[in-house]
Structures are given as C-alpha cells and as structure tokens.
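Residues per chain are reported as follows:
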Protein chains: 2
Amino acid sequence: MTRDPDDGVELLWREKEHEPRRGLTTGRIVRAAVELADAEGLEGLSMRKVADRLGFTTMSLYRHVPGREQLIELMLDEVMGEHPRPQEGEAGWRTRLEAVARQAWELRRRHPWMAEVRGTRHVPGPNGVAHYDHMLAALAGTSLRPSEVIAAIALVGRFVDAEALVLVETQREERRSGVSEQEWWGARESLYERLDRYPTLTHLWECGGWDQPEDSFEFGLARVLDGIEALINKRDETRDDSCQECGTPLEPAPSGRPRVYCSRACRQRAYRNRRRP
Amino acid sequence: MTRDPDDGVELLWREKEHEPRRGLTTGRIVRAAVELADAEGLEGLSMRKVADRLGFTTMSLYRHVPGREQLIELMLDEVMGEHPRPQEGEAGWRTRLEAVARQAWELRRRHPWMAEVRGTRHVPGPNGVAHYDHMLAALAGTSLRPSEVIAAIALVGRFVDAEALVLVETQREERRSGVSEQEWWGARESLYERLDRYPTLTHLWECGGWDQPEDSFEFGLARVLDGIEALINKRDETRDDSCQECGTPLEPAPSGRPRVYCSRACRQRAYRNRRRP
DNA sequence: CTTTCGCTGTTTATGCCGTACACGAAGTAA
DNA sequence: TTACTTCGTGTACGGCATAAACAGCGAAAG
C-alpha cells in the first residue's frame with residue numbers, strides 16, 4: 001500500500017484524509033482496531049477480527065494498512081492524541097513530571113494494550129512526539145545535563161509501562177478465569193507448604209508484609225521521583241561552583257535563574273560549540 | 001500429563017527424575033527449549049521446533065509437559081538455578097541489593113527470553129523462590145516496613161525486566177535486519193524534518209543530549225537505588241522517636257540492633273497482633 | 001462513445017502455530 | 001497368557017498473517 005514499506009513515516013504524519021461516506025479508510029480501520037484491542041488486548045487483535053468488525057474481508061485491510069505491525073503503530077499515535085492539552089503551569093519539575101507520569105498511567109488504564117506493544121523501532125507520530133516533548137520539558141529546566149534529562153524521562157516512561165503491563169495482565173487473567181488474583185494465590189496451598197526453608201520469606205510473611213501490600217504504582221513512582229530528585233540535588237550542589245564553559249568559579253546570581261556561565265563570552269562560546277562541533 | 005492441570009506446583013517442585021539412557025524426559029525437553037529460546041527468543045519457541053531439536057514428533061512432548069505455557073514456567077525455574085550461590089557477606093543493604101540486581105541483569109543477558117515471559121500467575125519453582133528470598137534479605141535488615149521491603153524488591157525486579165526487555169528487542173531487531181539501532185534511526189530523515197515545532201526536543205538536540213546517551217541500565221539502577229535510599233533515610237529519622245506498638249518515645253539502644261519497641265511487653269503484644277489479627 | 005488505467009475489495013492459497021484425539025508398540029503386573 | 005499403563009506417532013482442526021491473482025468501478029483520455 002505505501003510505496004515505502006520499510007519506513008512508515010509518511011503514513012503516520014500525513015494530513016488527515018477526508019472520509020468518504022462508506023467504504024474503508026485507514027482511520028476507520030485504526031479506530032476499529034483500537035476498540036478491539038481495548039476489549040480483547042493486543043493478543044486478541046487479529047486482522048480477521050478487525051475486518052469482521054467493519055464488515056469487510058480480511059484482505060481488504062491490506063489496501064489501507066501495510067500490515068499488523070504498522071496498524072499497531074497507527075493505533076498508538078491515535079490514542080496518544082487523547083492526552084490532555086499540556087497546560088503551561090509554572091509548577092516545579094517534580095509536580096510536572098509526576099503529572100505527566102499520571103497522565104500516561106491514566107491513558108494506559110483506558111487502553112491497556114499500549115503497554116503490551118513490543119519493539120523499539122516505532123516511529124512516533126505527531127501526537128507521540130508532542131507528548132514526549134511535553135515530558136522532556138518537565139526536566140529541561142533543571143540542573144540535569146541533557147543526556148540525563150533524556151535518560152530520566154525514559155526511565156519514568158519505562159516504569160509506567162512496566163507497571164501498566166503487570167496491571168493489564170492481572171486484570172485480563174482475572175476476567176478470563178473468573179478468579180481474583182488473591183483467590184488464585186490463596187489456593188496455591190501446595191506451594192506454601194514448601195516455603196518453610198526460606199528464612200526471610202517466612203519472616204516477612206509472619207510480620208504481615210503481604211497483608212496490606214503497598215500500591216505498586218504509587219510506591220514505585222515515589223521512589224523513582226525521589227531518585228531523580230537526589231540526582232538533581234547533587235547537580236545543584238556542584239553546579240554553582242564553576243562556569244560550565246571555562247571552569248572558573250562564578251559568584252551566584254542574587255536572584256532569579258541561577259547562573260551557569262561566568263560571562264557573556266563563555267555563554268556565547270558554549271553556544272557556538274553546540275551549534276558546530 | 002499432570003493430573004492437576006490447572007495447578008502445576010507438583011511439576012515444578014518434584015524431585016529430580018532419574019533420566020533413562022534414551023527417550024524423552026521433562027528435563028531434556030526443558031533444556032532443549034532453553035537452548036532454542038536463547039537462540040531465537042520466546043517468539044521462536046514452538047513445540048514443533050523443540051521436538052525437532054530432540055528428534056521426536058511434536059505431540060510426544062505433551063506426554064511430559066502439559067503445554068507451552070507450563071513448559072515456559074519450567075524453563076524459568078531451570079535458568080533461575082544458574083544464579084550464583086548467595087554468599088553471606090555483611091555488606092550494607094545497598095551493596096547487596098545492587099549485587100542481586102546485577103546478577104538478575106546478567107542472567108537476562110544470558111537468557112534474553114526471560115524478560116519476554118508474560119503473565120502474573122507463574123508459580124515459582126524452588127530456584128525462583130531461593131532467589132526471591134535472597135533479594136528480600138538485602139532489605140530485610142533495614143528500617144523499611146515489611147510491605148515496603150516487598151514493594152521495593154518488586155520495583156527493582158520490574159526495573160531489571162523492563163530494561164532487559166528493551167535490550168533484547170533492540171538486539172534481536174539488529175540481528176534480524178542487519179541494521180544497527182543508530183543507523184536505523186539515523187535513516188529516518190523524513191521524521192526529523194518535522195520535529196522543528198517541538199521546542200524542548202530541538203533544544204535538547206542542539207545541546208547534544210543524544211550524542212553520548214547515558215547507559216540506560218546504569219542510570220536507572222542508580223536512580224532506583226537512590227529512591228529506595230531516600231525512603232530508608234526517612235524511616236531511619238522517624239524510627240527512634242516512638243515505640244512501634246504503643247507510640248511512647250523510647251531511648252535508643254547504646255549499641256547493636258536499634259530498638260523498635262519500648263518494652264518486652266510491647267514486642268510481645270505486636271507479635272500476637274501479627275499472628276492472629 | 002469507447003478504451004485504458006488506477007483504486008478497492010474479494011477469492012484462493014501457503015505456511016506457520018498449539019493441541020485434541022485415536023492409534024499402536026512396548027513394558028509390567030496378575 | 002491377559003489386562004493395563006506408559007510412551008511415542010499420525011492425522012486433523014481451527015487460528016493466524018499475508019502473498020498473489022482477479023473483478024468491479026469511476027475517471028480520464030482517445
């Protein structure tokens with residue numbers, strides 16, 4: 001369908017097609033696929049079922065979408081558009097980063113299959129890039145180095161995805177089997193009989209460690225943010241000591257944005273170095 | 001094959017079978033499957049290929065293993081046995097926790113398919129439980145509450161898995177396509193042309209944020225451990241203030257293990273409350 | 001008007017996959 | 001011997017993605 005099958009950028013970034021009254025459209029296929037995946041998960045998403053849902057044959061889809069893989073990329077960008085408008089509050093980095101993490105989490109609760117998508121070579125669509133830019137912005141104003149900003153955002157993103165993945169798996173298995181997670185594990189008595197030999201496990205068990213478990217997402221998010229905060233604090237400490245370009249010590253600005261360069265000259269030199277290294 | 005197909009505990013925890021000179025065995029099937037998954041990933045693991053590798057028919061496997069799902073659980077416990085013996089050093093919690101995280105990471109580099117296994121209802125085998133106990137032990141001696149110990153270990157575990165998952169995916173796609181990750185993203189020029197409108201992204205790009213990216217695993221591990229450390233410090237601060245049972249302030253122990261209860265009576269009362277709430 | 005061509009949807013077929021089921025051979029106990 | 005269990009095999013079914021050839025249809029060109 002696409003002339004450039006290996007790529008897929010065009011399909012993701014093209015203008016919105018005008019939709020004829022009847023017949024197939026990439027957009028209609030994508031929306032039907034999203035509905036299906038919402039209901040049955042990514043495993044349950046098959047070209048046949050999408051086609052059935054639309055009342056066409058399986059192969060008709062291939063006229064509008066190169067294949068299943070590409071369809072999933074289109075679905076991803078479609079739902080990325082559901083992110084709320086980034087409102088430009090002047091809150092601190094932690095408030096903002098926590099907010100975007102919760103937004104991503106919320107989105108994955110609405111579309112659990114998002115966390116199930118595998119593969120590292122997904123070209124982001126316009127909605128995906130907008131959200132990524134929004135996430136980066138939360139940390140861009142801190143004392144972190146650029147590469148650290150990127151790594152920290154990737155860490156938070158992976159954390160949310162991992163958390164969403166276990167959530168969707170438990171929920172799906174609960175719905176499929178009709179047995180709740182607690183009940184299922186409670187019924188594995190033949191397992192617990194054999195755990196006496198493991199000292200820490202039994203000790204924590206007797207202390208009631210499993211009686212009121214922590215909320216996995218809340219606990220993990222707080223730890224990850226704390227970890228990023230620790231790094232920012234470290235960078236803050238060492239930042240004001242010396243000019244980022246020439247290394248000579250610089251006196252702190254009395255108010256406003258903290259200084260990074262000792263002089264206009266150094267700032268300009270750093271800028272040039274960045275532009276054409 | 002198993003009388004209790006829904007369960008699977010017996011299959012995982014039974015004694016080692018003695019292996020006849022020829023013919024199929026659960027153990028031989030599992031080992032062949034591990035080899036296959038090491039080479040081709042979990043996607044490439046099919047009952048047919050395992051059987052071929054052993055020189056038997058596909059269906060013969062079902063005499064020894066209930067199905068693919070169960071086979072994967074057996075594989076998991078098999079490779080869990082490769083963890084190095086837990087040596088009882090008296091290092092601090094951070095050293096120990098970092099060590100187990102790196103061990104898990106190392107194991108996932110040897111068997112990349114481990115991170116691809118999905119599902120939350122995997123009965124752990126003896127090797128898996130031993131390793132879990134070992135991880136818990138790293139944090140059990142700290143001031144964290146039991147539920148927090150468990151949550152923190154789960155967080156670290158999920159972090160390692162998530163990290164391993166993206167690693168295996170990049171590597172597999174690199175091998176399959178013959179194009180390195182850098183080359184592939186570099187070739188997406190039609191994408192970069194459209195990224196001008198995203199301010200933070202372009203700013204970080206111009207700052208060279210992507211030129212020397214952080215090591216994803218090292219960066220993330222440090223952040224997560226920092227986050228756990230922050231919580232431990234907080235618990236340490238508030239710990240000595242008051243008895244965990246009755247709340248009255250308690251004087252710190254002059255040496256040895258820090259006190260948690262103000263009196264023997266409170267300790268006993270807490271114990272009883274834990275046993276029968 | 002007719003011919004041509006490109007777009008769209010259909011039909012058919014190929015090659016994977018997990019596994020249910022019936023069968024036969026071989027070993028074991030009565 | 002007979003009866004019964006264990007183990008491996010062969011066939012078959014339904015599901016999956018998708019390749020390839022084909023048919024209708026609208027628009028443009030002659």
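Residues numbered from 1 in each chain as written. Chains lettered and ligands numbered in written order. Predicted model: local features only at pLDDT ≥ 70, side-chain atom pairs only at ≥ 80, totals over all residues.

(A) Region of interest: the overall build of chain A. Along its length, chain A carries 12 helices and zero strands. Taken from the N to the C terminus, the helices and strands of chain A come in the order α-α-α-α-α-α-α-α-α-α-α-α. The proportion of buried residues among the 277 residues of chain A is 31%. Excluding contacts between residues fewer than 6 apart, the proportion of contacts in chain A whose partners are at least 24 apart in sequence is 63%. (Helix = DSSP H or I, 4+ residues; strand = E, 2+ residues; numbered from the N terminus. Buried ≥ 20, exposed ≤ 12 C-beta atoms within 10 Å, placed from the backbone. Contact = placed C-beta atoms within 7 Å.)

(B) Structural detail: the interface of chain B and chain A. Facing the 59 residues of chain B at the interface are 60 residues of chain A. Mapped onto the side of chain B that touches chain A, the elements with two or more residues apiece are α1 (9-13), α6 (126-140), α7 (146-177), α9 (189-192), α10 (199-206) and α11 (216-239) of chain B. With 15 residues, the top contributor of residues to the side of chain B that touches chain A is α7 of chain B. Here the residues of the side of chain B that touches chain A are counted per class, giving 31 nonpolar, 13 polar and 15 charged. (Nonpolar A, V, L, I, M, F, W, Y, C, P; charged D, E, K, R; others polar.)

(C) A look at the nonpolar core. Membership of the largest hydrophobic core comes to 118 residues, with the highest contact counts inside it found for A33 of chain A together with A33 of chain B. Apart from residues lying up to four places away in sequence, A33 of chain B is in contact with L45, V50, L71 and M75 of chain B. (Core = buried A, V, L, I, M, F, W, Y, C linked by C-beta atoms within 7 Å.)

(D) Examining the protein's contact with DNA strand C more closely. With respect to spatial proximity, 15 residues lie near DNA strand C, and among them G23, T57 and M59 of chain A together with S46 and G67 of chain B are the closest. The leading source of residues in the surface near DNA strand C is helix α3 (residues 47-54) of chain B, at three residues. When grouped by side-chain class, the residues that make up the surface near DNA strand C number five nonpolar, six polar and four charged. (Near = placed C-beta within 6 Å.)

(E) Geometry of helix α6 (residues 126-140) of chain A. For α6 of chain A, which comprises 15 residues, the first-to-last C-alpha distance of 20 Å matches the rise-based estimate of 21 Å (1.5 Å per residue) to within 8%. V129, H131, Y132, D133, M135, L136, A137, A138, L139 and A140 of chain A are the residues of α6 of chain A that are buried. (Expected span 1.5 Å × (residues − 1).)

(F) The relation of the copies chain B and chain A, seen in detail. Note on the identical chains: chain B maps onto chain A by a rotation of 180° and an axial translation of 0.0 Å, with an RMSD of 0.1 Å. With respect to symmetry, the two chain copies, as superposed, fit the operation of a two-fold axis. Closest to the rotation axis within chain B is the C-alpha of G227 of chain B, separated from it by 2.0 Å. The residues that chain B uses at the interface reappear at the interface of chain A in 100% of cases, marking a shared surface. (Least-squares fit on C-alpha atoms with pLDDT ≥ 70 in both.)

(G) Highlighting the protein's contact with DNA strand D. Inspection of the region around DNA strand D gives 15 residues, with S46 and G67 of chain A together with G23, T57 and M59 of chain B positioned closest. Residue contributions to the surface near DNA strand D peak at three residues, all from helix α3 (residues 47-54) of chain A. Residue composition of the surface near DNA strand D, grouped by class: five nonpolar, six polar and four charged.

(H) Inspection of the packing of helix α5 (residues 93-110) of chain B against α7 of chain B at higher detail. All names here are of chain B. Here α5 crosses α7 at 30°, and the two axes come no closer than 10 Å. Where α5 crosses over α7, the handedness of that crossing is right-handed. Residues L97, A101, A104, W105 and R108 of α5 lie in contact with α7, whose contacting residues are V156, V160 and A164. Counted by class, the contact of α5 with α7 contains seven nonpolar, no polar and one charged residues. (Axes fitted to C-alpha atoms, helices over the stretch in contact; angles between N-to-C directions. Left-handed = near helix turned anticlockwise from the far one by under 90°.)

(I) Just the environment of R68 of chain B, in detail. Within the secondary structure, R68 of chain B is located in helix α4 (residues 68-80). For R68 of chain B, a count of 15 C-beta atoms within 10 Å translates into the label partly exposed.

(J) The environment of L221 of chain B, seen in detail. Residues and elements named next belong to chain B. The residue L221 is located in helix α11 in this model. Its 22 C-beta neighbours within 10 Å are what place L221 among the buried residues. In this structure the C-alpha to C-alpha distance between L221 and A101, which are 120 residues apart in sequence, comes to 8.3 Å.

(K) Region of the structure containing the confidence of the model for chain A. Residue and element names in this part refer to chain A. On average, residues of chain A carry a pLDDT of 87, and 83% of them reach 70 or more. Taking the mean pLDDT of every element in chain A, the minimum, 63, falls on helix α12 (residues 264-275) and the maximum, 97, on α3. Considering only residues more than four positions removed or in separate chains, one finds that residues 1-5, a stretch of pLDDT under 50, has 11 contacts. (pLDDT = per-residue confidence, 0-100.)

(L) Structural detail: the environment of S216 of chain A. Within the secondary structure, S216 of chain A sits in helix α11 (residues 216-239). Here S216 of chain A falls in the partly exposed class, since 17 other C-beta atoms lie within 10 Å of it. Separated by 27 residues in sequence, S216 of chain A and E189 of chain A have C-alpha atoms that sit 25 Å apart. If we ignore the near neighbours within four places in the chain, the residues touching S216 of chain A are E163 of chain A together with A151 and A154 of chain B.

(M) Expanded view of the packing of helix α10 (residues 199-206) of chain A against α6 of chain B. At a minimum axis distance of 7 Å, the contact between α10 of chain A and α6 of chain B shows a crossing angle of 60°. By the angle between their axes, α10 of chain A is oblique relative to α6 of chain B. Considering only the axes of α10 of chain A and α6 of chain B, their crossing is left-handed. Listed contacts from α6 of chain B to T200, L201, H203 and L204 of chain A of α10 of chain A are Y132, D133, L136, A137 and A140 of chain B. Grouping the amino acids of the contact of α10 of chain A with α6 of chain B by side-chain chemistry returns six nonpolar, two polar and one charged. (Parallel < 35°, antiparallel > 145°, perpendicular 65-115°, else oblique.)

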